[in-house]
Each structure stands twice: as C-alpha cells, then as structure tokens.
Amino acid sequence: MYNLTDIGTIKDILGRHGFHFSKALGQNFIVNPSVCPRMAEESGIDENCGVIEIGAGIGVLTAELAKRAKKVVVIEIDTKLLPILDETLRDFDNIEIINQDVLKTDLAALIREKFDGMPVYVCANLPYYITSPVIMALLESRLPIEAVTVMVQKEAAQRICAPVGSRLSGAVTVAVDYYAHAQKLFDVSAGSFMPAPKVDSCVIRMDIRKTPEIGITDESLFFRMVHAAFGQRRKTAANSISAGSGIPKDIVIKAIEECGFEPSVRAEGLTMKELAMLSEKISMLMK
Ligand code: SAM
C-alpha cells in the first residue's frame, strides 16, 4: 500500500504520470499524515456505511474512508487523475470512481443506484471554488444522507458554524442551520497541503436534521428574505429586505413592527426563530 502523504512517493507518482496541479480545479492535496485519518474517524462512518467523496486527488482521503466504510464512491472531474488512482487505490475493492463534475451529477440517483439502502455520508476535501454551491446542493436537495464532513477555508467555516444572530452570521449560516447542525471539528494549516494554499482551512461536520427545527410555511419566501436581509449587511433589515427581495417596503416595516422588533434591527441581530417569525408575518401581510 502506498504512503500517500510521503512527499517522495507523491512526487514519484505524479512525475511518472506527467501530472501537473491545476489551480483552476482547486488541486491542493493533503500531505499532513494526521489529517485524513482524523477526518475519516470524526465523520461518523463505520463498516456498514456508504461514503460519497468529492474530488479524489491522488486518493489520500479515499483510502482512509475505504478502510473504515463498506463502500466509497468518489466523484473526480480530472481525467488525468484516473490512471494515478488506478495505481494508488489498487489494494481496495470497495471504491468506485466516477469521472464527472459533481455539480452536474444527479446525487439522488447515485445514492439509489450505488448504496442499496446503506446509511450514506459525504466526506471531502472540497475544491474551494465550489464550496458554497456543493454544500447548498447537498443540503437543499434533501438527499438521504446522515452527515457531511468537509474541509473548507477557515473563513467559510467560521461563517457556516457561527450561531444565527451573531456578528459572523450570514445567509449561508441561516441556510445551513435550517437543514443541518453544523460544528467545527479541527483546524488545518496551509502547510498541510501540496501545493500550500494562501489560507488556512478547517474541517466542519454538518449533521442533517431529519425535520427542520423551525416551522416555515413558505420556504422560498423565507430564503428570498434571508438572502436580501444579509445582502447589504450595513443596512437595517427593513431596508435590505425591501431593496433586495422585491417585497414592498411598507409590508416589511409593518411585519418588523408586528413581530415586536426594533425598527433599526439588522439581519445579523435576528435569531433563526425571529427570522422565521418575520417571514411568516411577511407572508401573511402579502396575502
Ligand atoms: N481529496 C484529495 C486530497 O484531500 O488531497 C484532493 C482534494 S483537492 C482540494 C480537490 C479535488 O477535487 C481535486 O482532485 C480536483 O481535481 C477535484 N475537483 C475539482 N473540481 C471538481 C468538480 N467540479 N467535480 C469533481 N471533482 C472536482
């Protein structure tokens, strides 16, 4: 079995295959030996589970997942990595590689076809250029998955895991909190990657809620309101919601008043329950 965090081994494999890192594809591979075992360990998987990984690189995380899970399906866009993965993962018989763009992959169909009723987890060192779309696609499509454990940039982790209603919270905080319970697992320094990125990273875990913690009758209005509310953070919630959502300003002001909030309240000062209350009020007033 290859030591996929040994720099000499990595250089040898990449050199023999004539592989060059693509910045555009977010190719920063993990070379710190403690990161992938810890990620796999803390992701919640066991020998009865199926795992979806996004972006295999040379298979360093894939191998750790395959040691612990029943089956791993990894979606990798870069065709040039396929012969490398054939070599580095040849000792495993529970890994399937799909050469595809994850954003164009029908994940619901993939889960149905590949995992045969197993509990399914997602675990990945995400290419940073698609962090948000991937996380939102995983959550919004209500896939039958238990938890999503991903490495993201430290700043993104802080925003995603901030409590709703705190200074760091944003539209993504609210969206993630609606579908999942998010927590930070551990920090990963830039030097843990090859090539080293400019920023540090953090591994986070999102445990999918079976039912949302808050009741919302009109989800589409709720998210329209939330995106507008956090779109112009320095404005009051009344101004940003009316400017960015198309909801008439008089309705927003009346809803804020009827909820009992200060007229000058900002989006980041509202908790999840308060945001839900506000969208319910707006929905009623718009009827
Ligand atoms: N898992 C490996 C590791 O931890 O060392 C590689 C992680 S690297 C940050 C991201 C990987 O995602 C690369 O292998 C890259 O080719 C792949 N990738 C980039 N965009 C992708 C996409 N749209 N769909 C699937 N894979 C993608």
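### Re the pairing of strand β9 (residues 201-208)
Thought 1: For β9, a buried count of seven out of eight residues is recorded, marking the element as mostly surrounded by other parts of the structure.
Thought 2: The pairing of strand β7 (residues 180-188) with β9 spans eight bridges and is classified as antiparallel. Along β9, the bridge assignment pairs Phe186 with Val203.

### Structural notes on the domain arrangement of the chain
Thought 1: When cut into domains, the chain gives domain 1 (7-208) and domain 2 (219-285).
Thought 2: The distance between the C-alpha centroids of domain 1 and domain 2 comes to 34 Å.
Thought 3: Of the residues lining the interface, 15 residues belong to domain 1; the matching set on domain 2 comes to 13 residues.
Thought 4: Both sides of the domain 1 and domain 2 interface together cover about 1100 Å² of buried area, and 63% of this is carbon and sulfur.
Thought 5: Joining domain 1 to domain 2, the criterion identifies one salt bridge.
Thought 6: Note that Arg142 is salt-bridged to Glu219, the shortest N-O span being 2.9 Å.
Thought 7: In this assembly, domain 1 and domain 2 are joined by five residue pairs in polar contact (both at pLDDT 80 or more).

### Observations concerning empty space enclosed by the protein
Thought 1: Within the structure shown, the criterion is met by one cavity of 30 Å³ or more.
Thought 2: Looking at the largest cavity, it is lined by 27 residues, and the ones nearest its centre are Ile54, Gly55, Glu76, Asn125 and Pro127.
Thought 3: Every element with two or more residues in the lining of the largest cavity is listed here: β1 (29-30), β2 (50-54), α3 (60-68) and β3 (71-76).
Thought 4: In terms of residue class, the lining of the largest cavity is made up of 17 nonpolar, seven polar and three charged.

### Concerning the site of the ligand
Thought 1: For the ligand, the set of nearby residues contains 23 residues, the closest of which are Ile30, Glu76, Asp101, Asn125 and Tyr129.
Thought 2: Within the contact set of the ligand, a nitrogen atom lies 2.9 Å away from a backbone nitrogen or oxygen of Gly55.
Thought 3: Between an oxygen atom of the ligand and a side-chain N or O atom of Glu76, the distance comes to 2.6 Å.
Thought 4: Across the complex, the protein chains shield 99% of the 590 Å² of accessible surface that the ligand would expose by itself.
Thought 5: Here the ligand occupies the largest cavity.
Thought 6: Contributing elements (two or more residues each) for the shell around the ligand: β1 and β3.
Thought 7: Among the residues forming the shell around the ligand, the class breakdown is 12 nonpolar, seven polar and four charged.

### Overview of the side chain of Glu53
Thought 1: Looking at the secondary structure, you find Glu53 in strand β2.
Thought 2: Buried charged residue Glu53 carries no salt bridge. Nearest counter-charge: Arg68, at 11 Å.
Thought 3: A distance of 2.6 Å separates a polar atom in the side chain of Glu53 from a polar atom in the side chain of Thr62.
Thought 4: Contacts of Glu53, omitting those with residues within four sequence positions, involve Leu61, Thr62, Leu65, Val73, Val74, Ile75, Cys123 and Ala124.

### Side note on the layout of surface pockets
Thought 1: Taken as a whole, the largest pocket encloses approximately 260 Å³ of empty space.
Thought 2: Taken together, 16 residues make up the lining of the largest pocket; nearest its centre are Lys23, Gly26, Asn28, Pro197 and Lys198.
Thought 3: The residue inventory of the lining of the largest pocket, partitioned by class, reads nine nonpolar, five polar and two charged.

Cut-offs applied
Residues numbered from 1 in each chain as written. Predicted model: local features only at pLDDT ≥ 70, side-chain atom pairs only at ≥ 80, totals over all residues. Heavy atoms only, no water. Buried < 20%, exposed > 50% of the residue type's maximum accessible area, 1.4 Å probe, protein only. Helix = DSSP H or I, 4+ residues; strand = E, 2+ residues; numbered from the N terminus. Pairing = 2+ DSSP bridges. Domains from an automatic or database assignment. Contact = heavy atoms within 4.5 Å. Buried area = accessible area lost by both parts, 1.4 Å probe. Salt bridge = Lys/Arg side-chain N within 4 Å of Asp/Glu carboxyl O. Polar contact = N/O pair within 3.5 Å; in protein donor to acceptor, adjacent residues only side chain to side chain. 1 Å grid on protein atoms, 1.4 Å probe; cavity = no way out; pocket = protein on both sides within 12 Å on 5 of 7 lines; lining within 4 Å. Points joined across faces, edges and corners; volume = space filled by probe spheres on them. Nonpolar A, V, L, I, M, F, W, Y, C, P; charged D, E, K, R; others polar. Near = heavy atom within 4 Å. Areas by Shrake-Rupley, 256 points an atom, 1.4 Å probe, with all protein chains shown as cover. Sits in = over half its atoms within 2 Å of the grid points. Lys, Arg positive; Asp, Glu negative; His and termini not counted.

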